[in-house]
Amino acid sequence: MNVTRKQFDWSETRPSAAVTEYISAMTGREQTDFAPLYETVDPEALDSLIDSSDRSSPVSISFEYAGHSVTVRSDGELVVEAPSAKIGR
């Protein structure tokens, strides 16, 4: 399992942009090589839910994007699990 974590300041970087930029950087591929994020999750809703400053408890949203398991947390952490190599039989 290849899990990476990166800390962001959501007041400087939108969560939706962080997801696509980080996976692009991890894979060495252009963002345009992947399906648009909106085909997986509503980017505006993701940004709004994660970046809301009037909450008393933390929020995390998990989803699959470009073959990666993604968790975006309101504390600024982005967690990405790369797909595992499958062994054929």
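For the structure given in this document, a descriptive report is provided here. Computed from a predicted structure; not experimentally measured.

## Considering the pattern of salt bridges
Now for step 1: On inspection of all chains with the given rule, the structure shows 4 salt bridges.
Now for step 2: Here Glu77 and Arg5 are joined by a salt bridge, their closest N and O atoms 3.5 Å apart. With Glu77 in strand S4 (residues 77-82) and Arg5 in strand S1 (residues 2-7), the pair connects residues that are 72 residues apart, well separated along the chain.
Now for step 3: Residue classification places Glu77 among the buried residues on the basis of a relative accessible area of 14%.
Now for step 4: Since its relative accessible area comes to 56%, Arg5 is described here as exposed.
Now for step 5: With a closest N to O distance of 2.6 Å, Arg73 and Asp75 form a salt bridge.

## Digging into helix H1 (residues 15-27)
Now for step 1: For H1, spanning 13 residues, the distance from its first C-alpha to its last is 18 Å, which sits close to the expected 18 Å at 1.5 Å a residue.
Now for step 2: All of the buried residues along H1 are Pro15, Ser16, Ala17, Ala18, Val19, Thr20, Tyr22, Ile23 and Ser24.
Now for step 3: Residues of H1 that are buried make contact with S1, helix H2 (43-51), strand S2 (60-65), strand S3 (68-73) and S4.
Now for step 4: Positive phi shows up at Gly28, right after H1, with a value of about 75°.

What counts and what doesn't
- Chains are numbered independently. Their residues run from 1 in the order of the written sequence.
- Confidence filtering applies because this is a predicted model: local features only for residues at pLDDT of at least 70, side-chain atom pairs given and counted only at 80 or more, and all residues used for totals across whole chains, interfaces and linings.
- Only hydrogens and water are set aside when side-chain values are computed; all heavy atoms of the structure are taken into account.
- Salt bridges are defined by distance alone: a side-chain nitrogen of Lys or Arg within 4 Å of a carboxyl oxygen of Asp or Glu.
- The helix and strand labels rest on DSSP assignments: H or I over at least four residues marks a helix, E over at least two residues marks a strand, and numbering proceeds from the N terminus.
- Partly exposed describes any residue whose relative accessible area lies between the buried limit of under 20% and the exposed limit of over 50%, with all areas from a 1.4 Å probe on protein chains only and scaled to the type maximum.
- A helix is expected to span 1.5 Å multiplied by its residue count minus one.
- Contact between two residues is taken to exist if any of their heavy atoms lie within 4.5 Å; hydrogens are not considered.

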